[in-house]
Amino acid sequence: MAEIVLEHITKRFPDGSLAVNDFNLEIADGEFVILVGPSGCGKSTTLNMIAGLEDITSGEVRIGGQVVNNKTPKDRDIAMVFQSYALYPHMTVRENMGFALKLAKTPQATITQKVDEAARILDLTQLLDRRPANLSGGQRQRVAMGRAIVRDPAAFLMDEPLSNLDAKLRVQTRTEVSRLQRRLGTTMVYVTHDQVEALTLGDRVAVMRSGVLQQAASPKELYERPVNLFVAGFIGSPAMNFMAGTLEEGVLRTSLGEFRLGDRMRREVERSGTGREVIVGLRPENFEDVALVSPDNRPHGITLHATIDVLESLGSDVFVYFTRELGHGVNSAELEELARDSGRTDSGAGGETIVARLDAATRIAEGQDAELWVDSRAMHIFDPATGRNLSLASDGDGGAVSVQPVSGADAVQPEPAQPETADPNATATDIRAVPGQAGQGGEAT
Amino acid sequence: MAAITPRQRTGWATANFVVIALALIPVLWLVSLSFKTPTAVLDPSFIPSQWTWGNYHGILTSSQFLRPLLNSIGIGLISTLVAVILASMAAYAVARLRFPGKSVLIGMALLIAMFPLIALVTPLFTIERALGLFNTWPGLIIPYVAFGLPLGIYTLSAFFREIPWELEKAAKVDGATPFQAFIRVIAPLAAPGMVTTAILVFLACWNDFLLAISFTSTISARTAPAAMQYFSGGSVFTIPTGPIAAAAVVITIPIIIFVLFFQRRIVAGLTSGAVKG
């Protein structure tokens, strides 16, 4: 077991393309770290550099305190699980699992004992004499894991090990991987393009884009305090809703309603030198059917009317989709990349489709005009030029940035601040809204 | 595809029969000749009126045939072994590595394969005389290997390309040196390709006449096909038709067995890489 330190890692391919750019990450001993990002973001290249399968152009990789830049994979004491599993087709399961030990000239008795033990952990005992061709996908995946764990290595590296499994098995195996890692307590670096996998498995998740590390933090932190547009849009399913907003004298106008920025938020935005145009982000679960919001909570948001285009009921939740027309769409390179990655081509052109996740108890129906409540406390505000999340307090004190609502009709007097800052669920952004938005016809209290 | 009508079936059967008959009649005639007595070789009847083992007995007790047969086997096996080992290394590099001059190398290999052999006989003859390789085993093995390599590289690189690269990465992470990864993981998986290549190279060596007749002068290195040319009859004016026919049958039998046994492999080797799956 060992910690892995990546310092200023850069990978430039012979054709000049930069795959990984100045990547820094410290992975503690026993930590489970996920590298996640869209395809082509350099996450697999990074993993291969840790494994020693790719040369490092510049920077330093240390495993257990030792610089391993020039060591071959066999001298790094790491085990790897590949996307295709890469089982040796001409060997039985037992030979596959014992291959590394055999190469290391381990006595046959020890090999047998270790393979048997790993097989027991992974429930492979019945299959030890089969060849990979006679195994199912899930069994092959387990053999690949077994091949890694018999070696008792300093670290496990996993390159999308679940992506060849069908959806149901993937969820099941995901839990097994997590349990296995906890049981073995070995440092694990896991690459995936699936943000759900990343959030559910990792102690810490490192989000990459175009070879650059965007943010490395706990899943909760990533979800609640994304540092930029890309992380905000990548993490979460369905993705965060983005809409254009205009800032004017401390008032934020969006297609959903108007909010007054608190002093700190306003200072933050002014300091960043951002113009009047910003991008506003709201997660689907920040919306709710107004009928299901308790009166206590209503003042923390605004209500709006929307015609529901599509309604998807999942049993536990209901997803509703509605469209907002707006003069200018959301333009950002990061959002375009996310849209490309998810296969959407019409990002924000025309109207903005907004996804809301409502409680299953809602009576809203498709095609109806519905009244929705938006929890403005969870709103994120991004700089469209840099993508930076402006609603995170940059002074690092974790203090809430306050945004207050504007009453459209009787103007600018905000409600007195309410002492809700003690709410443990409150995110960094503390936005409060006043209902009665002009043009929205909302009335909530 | 539409079902085959009886008419089509008859048509194809006839065509097949004609092709097979055209190919087989000379072979059967050869077999017939090998059983005829020296006086009956000019007898036009297909079935020998008088059967004899004399021709076979003659050649199989004569060092003029046995030694060349041994040369054929030895030279063929050694050439095949060397060619397959070199070809698998070269094919592996061609399939897996990016190195300067790769396309030139592939082009050169193809060029050698297409070069008319007869054009090379004279220069090679001079070279072999100068190097003292004339009329020795290496004098035949070296050109056989050289002409077997292009075929081997092409066939084997197709096989290597189909082996997932991740297997090799896995072997490296498992602690194998590049050589161990090749020997213990890649080579066993490419074994069918190596067998195919070996068969093709061996057949080429075994059947060669041009180089064998040009680069040898005595039975110390002469191979069986070339040795038949030097069979002598009862007198200088007799053509040793019977012994030649018998020798031809003897050297054909291993090939027939070989091909029947490995025919799937040979076809697989020639078409591998053409389609995926």
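Residues numbered from 1 in each chain as written. Chains lettered and ligands numbered in written order. Predicted model: local features only at pLDDT ≥ 70, side-chain atom pairs only at ≥ 80, totals over all residues.

## Points about the sheet that holds strand β5 (residues 66-67) of chain A
Pairing between the strands of a sheet comes from backbone hydrogen bonds, and it takes one of two forms, parallel or antiparallel. Residue and element names in this part refer to chain A. Read across the sheet, four strands follow the order β2-β1-β4-β5 without closing on themselves; strand pairing throughout is antiparallel. With one partner strand each, in any of the chains shown, β2 (18-27) and β5 form the two edges of the open sheet. Pairing analysis gives two bridges linking strand β4 (residues 58-63) to β5, with the strands arranged antiparallel. Bridged to R62 within β5 is V67. Packing of helix α1 (residues 43-51) onto the sheet brings it into contact with β1 (4-12), β2 and β4, and relative to β1 it is tilted by some 120°. (Pairing = 2+ DSSP bridges. Helix = DSSP H or I, 4+ residues; strand = E, 2+ residues; numbered from the N terminus. Contact = placed C-beta atoms within 7 Å. Axes fitted to C-alpha atoms, helices over the stretch in contact; angles between N-to-C directions.)

## Side note on the packing of helix α4 (residues 102-114) of chain B against helix α6 (residues 137-161) of chain B
Residue and element names in this part refer to chain B. Here α4 crosses α6 at 125°, and the two axes come no closer than 8 Å. In this view, α4 runs oblique relative to α6, as classed from their interaxial angle. Crossing angle aside, the handedness with which α4 passes α6 is left-handed. Residues A109, L110, I112 and A113 of α4 touch α6, and the partners they reach there are A146, F147, L149, P150, L151 and I153. Residues belonging to the contact of α4 with α6 are distributed by class as follows: 10 nonpolar, no polar and no charged. (Parallel < 35°, antiparallel > 145°, perpendicular 65-115°, else oblique. Left-handed = near helix turned anticlockwise from the far one by under 90°. Nonpolar A, V, L, I, M, F, W, Y, C, P; charged D, E, K, R; others polar.)

## Let's talk about the interface of chain B and chain A
Taken together, the contact between chain B and chain A spans 14 residues of the former and 17 residues of the latter. Where the side of chain B that touches chain A is concerned, the elements lending two or more residues are α7 (165-173) and α8 (178-189) of chain B. With six residues, the top contributor of residues to the side of chain B that touches chain A is α7(B). Grouping the amino acids of the side of chain B that touches chain A by side-chain chemistry returns eight nonpolar, two polar and four charged.

## Brief notes about the confidence of the model for chain A
Residues and elements named next belong to chain A. Looking at chain A as a whole, the pLDDT averages 81, with 83% of positions reaching at least 70. Overall, residues 345-350 carries pLDDT values under 50, and its contacts beyond four positions in sequence, including any with other chains, amount to seven contacts. Overall, residues 406-445 carries pLDDT values under 50, and its contacts beyond four positions in sequence, including any with other chains, amount to 100 contacts. (pLDDT = per-residue confidence, 0-100.)

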